[in-house]
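Geometric and topological summary
The chain contents come next:
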Amino acid sequence: MTSQPARTTGHPVLQVPPAVPAAAAAHFGASLAFHTDVSDVAAALAAGDDPGFVLLDSRSTAAWDQGHIPGALHLPTALIAGQAHELLDPAVPVVTYCWGPGCNGAARAAFALAGLGYRVKEMLGGFEYWAREGFGFATRQGAGRRAPDPLTAPAGSEDCGC
């Protein structure tokens, strides 16, 4: 049997063919080793037990005061090198977050922590998607919660189903 060349299409979706399943599994498995999302973090924190990780907000004090995830540790990225060893146990994984998908602060914080020997993941979506999905948050003035954005979380559901 002769293998057929990949067909090219008139659109960009399949101009580069999808990876073979083994390569795709390796890629997406590696991605999950580096990332988590707000729904999974919220479920872990809501379970009531020790989630097995420290949630770290890497934003400024002004951003923290405006709103942050309850139970998170506040450690701005600029202070990680000098304070991480005082505040974090190297045996406990760290999940970093920043403002949202338009900011790479969580990735910079994760990079700094990994350089210090911490196991780390980045929470995709950051505080923006935490609030947009309707999870509770804390502010300098007290607790807050927004109605879930129907574009990010199904109305009336606590689980996106993915």
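In this text the structure is predicted, and so the values were computed from the model without any measurement.

A separate point is the overall build of the chain. What the chain contains, in helices and strands, is 6 helices and 7 strands. Scaling as 2.2 N^0.38, a compact globule of 162 residues should have a C-alpha radius of gyration of about 15 Å, whereas the chain reaches 19 Å, well beyond that. Structurally, the chain occupies a C-alpha span of about 65 × 40 × 30 Å along its principal axes. Within the chain, residue pairs in contact and separated by at least 24 positions form 62% of the contacts whose partners lie at least 6 positions apart. Carbon and sulfur atoms provide 60% of the accessible area of the chain, an area that totals close to 10,100 Å². Considering the chain, the positive charge centre built from 9 side chains and the negative charge centre built from 14 side chains are found 7 Å apart.

Another aspect to go through is helix H1 (residues 21-34). End to end, H1 covers 20 Å across 14 residues, agreeing with the expected 20 Å (1.5 Å per residue, within 8%). By the criterion of burial, H1 is predominantly exposed, with just 0 of the 14 residues buried.

Moving on to the nonpolar core. Residues Val41, Leu55, Ile69, Tyr97, Met123, Phe127 and Trp130 are the most contacted members of the largest nonpolar core, which totals 16 residues. Elements that contribute at least two residues to this core include exactly helix H2 (38-46), strand S4 (94-97) and helix H6 (126-132).

The next thing to look at is the sheet that holds strand S1 (residues 35-37). Here 5 strands make up an open sheet; going across it, the order is S1-S5-S4-S2-S3 and the pairing parallel. Sheet topology places S1 and strand S3 (73-74) at the edges, where each strand pairs with a single neighbour. By the bridge criterion, 3 bridges tie S4 to strand S5 (residues 120-124) in an arrangement that is parallel. Bridge assignment links Val94 to a residue of S5, and that residue is Val120. Strands in contact with H1 are S1 and S5; relative to S5, the strand with the most contacts, it is inclined by about 95°. The strands touched by H2 within the sheet are S1, strand S2 (54-57), S4 and S5, with S1 carrying the most contacts at an inclination of about 75°.

With burial as the criterion, each face of S4 is covered, one bearing Val94 and Thr96 and the other bearing Val95 and Tyr97. Sheet analysis places S2 next to S4, joined by 4 bridges and oriented parallel. Each bridged residue has a counterpart across the sheet, and for Asp57 the counterpart in S4 is Tyr97. The β-α-β motif built from S4, the intervening helix H5 (residues 105-115) and the parallel element S5 has right-handed crossover chirality.

Let's shift gears to the packing of aromatic side chains. Applying the stated criterion across every chain, the model contains 2 aromatic pairs. An angle of 80° between the planes, with centres 5.5 Å apart, marks the rings of Phe127 and Phe137 as edge-to-face. With Phe127 in helix H6 and Phe137 in strand S6 (residues 137-139), the pair connects residues that are 10 residues apart, well separated along the chain. By the burial criterion, Phe127 is buried, and Phe137 matches it. With a centroid separation of 4.9 Å and 45° between ring planes, the pair formed by Trp130 and Phe135 is classed as tilted. Judged by relative accessible area, Phe135 falls into the buried class, the value being 16%. Geometry around Phe127 places Arg59 over its ring, the cationic atom sitting 4.9 Å from the centre. Over the ring of Tyr129 we find Arg132; its NZ or CZ atom is 4.7 Å from the centre of that ring.

Rules used throughout
- Residues numbered from 1 in each chain as written.
- Predicted model: local features only at pLDDT ≥ 70, side-chain atom pairs only at ≥ 80, totals over all residues.
- Heavy atoms only, no water.
- Helix = DSSP H or I, 4+ residues; strand = E, 2+ residues; numbered from the N terminus.
- Rg over C-alpha atoms; globule rule 2.2 N^0.38 Å.
- Contact = heavy atoms within 4.5 Å.
- Areas by Shrake-Rupley, 256 points an atom, 1.4 Å probe, with all protein chains shown as cover.
- Lys, Arg positive; Asp, Glu negative; His and termini not counted.
- Charge placed at Lys NZ, Arg CZ, Asp CG, Glu CD.
- Expected span 1.5 Å × (residues − 1).
- Buried < 20%, exposed > 50% of the residue type's maximum accessible area, 1.4 Å probe, protein only.
- Core = buried A, V, L, I, M, F, W, Y, C linked by side-chain atoms within 4.5 Å.
- Pairing = 2+ DSSP bridges.
- Axes fitted to C-alpha atoms, helices over the stretch in contact; angles between N-to-C directions.
- Right-handed = clockwise from strand over helix to strand, strands pointing away.
- Phe/Tyr/Trp six-rings, centres within 6.5 Å; stacked < 30°, edge-to-face > 60°.
- Lys NZ or Arg CZ within 6 Å of the ring centre and 35° of its normal.

Interpretation in functional terms is not warranted from these geometric data alone.
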